[in-house]
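Read off the chains here:
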Amino acid sequence: MASDATREDVQRLLAEGAQLVEVLPADEYDDEHLPDALNIPLKELGKLAPERLDRGRPVIVYCYDST
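Residues numbered from 1 in each chain as written. Predicted model: local features only at pLDDT ≥ 70, side-chain atom pairs only at ≥ 80, totals over all residues. Heavy atoms only, no water.

**Student:** Explain the pattern of salt bridges to me, please; I cannot follow it from the model alone.
**Tutor:** Oppositely charged side chains may form a pair once their charged atoms are brought near each other. What the rule picks out here adds up to 2 salt bridges. Among the salt bridges present, the one from Arg12 reaches Asp9, with a minimum N-O distance of 3.9 Å. One end of the pair, Arg12, and the other, Asp9, are both in helix α1 (residues 7-15), 3 residues apart, so they sit about a helical turn from each other. A salt bridge links Arg12 to Glu16; the shortest N-O distance between them is 3.5 Å. Looking at Arg12, the relative accessible area reads 41%, which means it is partly exposed. Given the relative accessible area of 56%, Glu16 is considered exposed. Several salt bridges share partner residues, and in doing so they unite Asp9, Arg12 and Glu16 into one network. (Salt bridge = Lys/Arg side-chain N within 4 Å of Asp/Glu carboxyl O. Helix = DSSP H or I, 4+ residues; strand = E, 2+ residues; numbered from the N terminus. Buried < 20%, exposed > 50% of the residue type's maximum accessible area, 1.4 Å probe, protein only.)

Rendered as structure tokens:
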């Protein structure tokens, strides 16, 4: 189930073991990303998420959009 999260929510979830996923294209991820974030580009999320993510842990999906 998707929901919005505050900065405090994200910090708490990460401290509790959540997985942070940035859905930026690989070149943008390489330029700048949050510490310890996994990169799964949005276009590949459906394909790669099942093999790269732990189903037993919460997932935080993040994308920086400067527009």
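**Student:** When you look at the environment of Asp36 in this model, what are you seeing that I'm missing?
**Tutor:** Tracing the backbone shows Asp36 in the loop between α2 (26-31) and β2 (38-39). Judged by its relative accessible area of 76%, Asp36 falls in the exposed class. Sequence separation of Asp36 and Leu14 is 22 residues, and the distance between their C-alpha atoms is 10 Å.

**Student:** Whenever I open this one, the side chain of Gln19 confuses me. Can you help?
**Tutor:** For Gln19, the position within the fold is in strand β1 (residues 19-22). Of the polar contacts made by the side chain of Gln19, one reaches the backbone nitrogen of Asp54; its length is 2.8 Å. Side-chain polar atoms of Gln19 contact the backbone oxygen of Arg57, separated by 3.2 Å. (Polar contact = N/O pair within 3.5 Å; in protein donor to acceptor, adjacent residues only side chain to side chain.)

Note that every value here comes from positions in space, so none of it alone points to a role or purpose.
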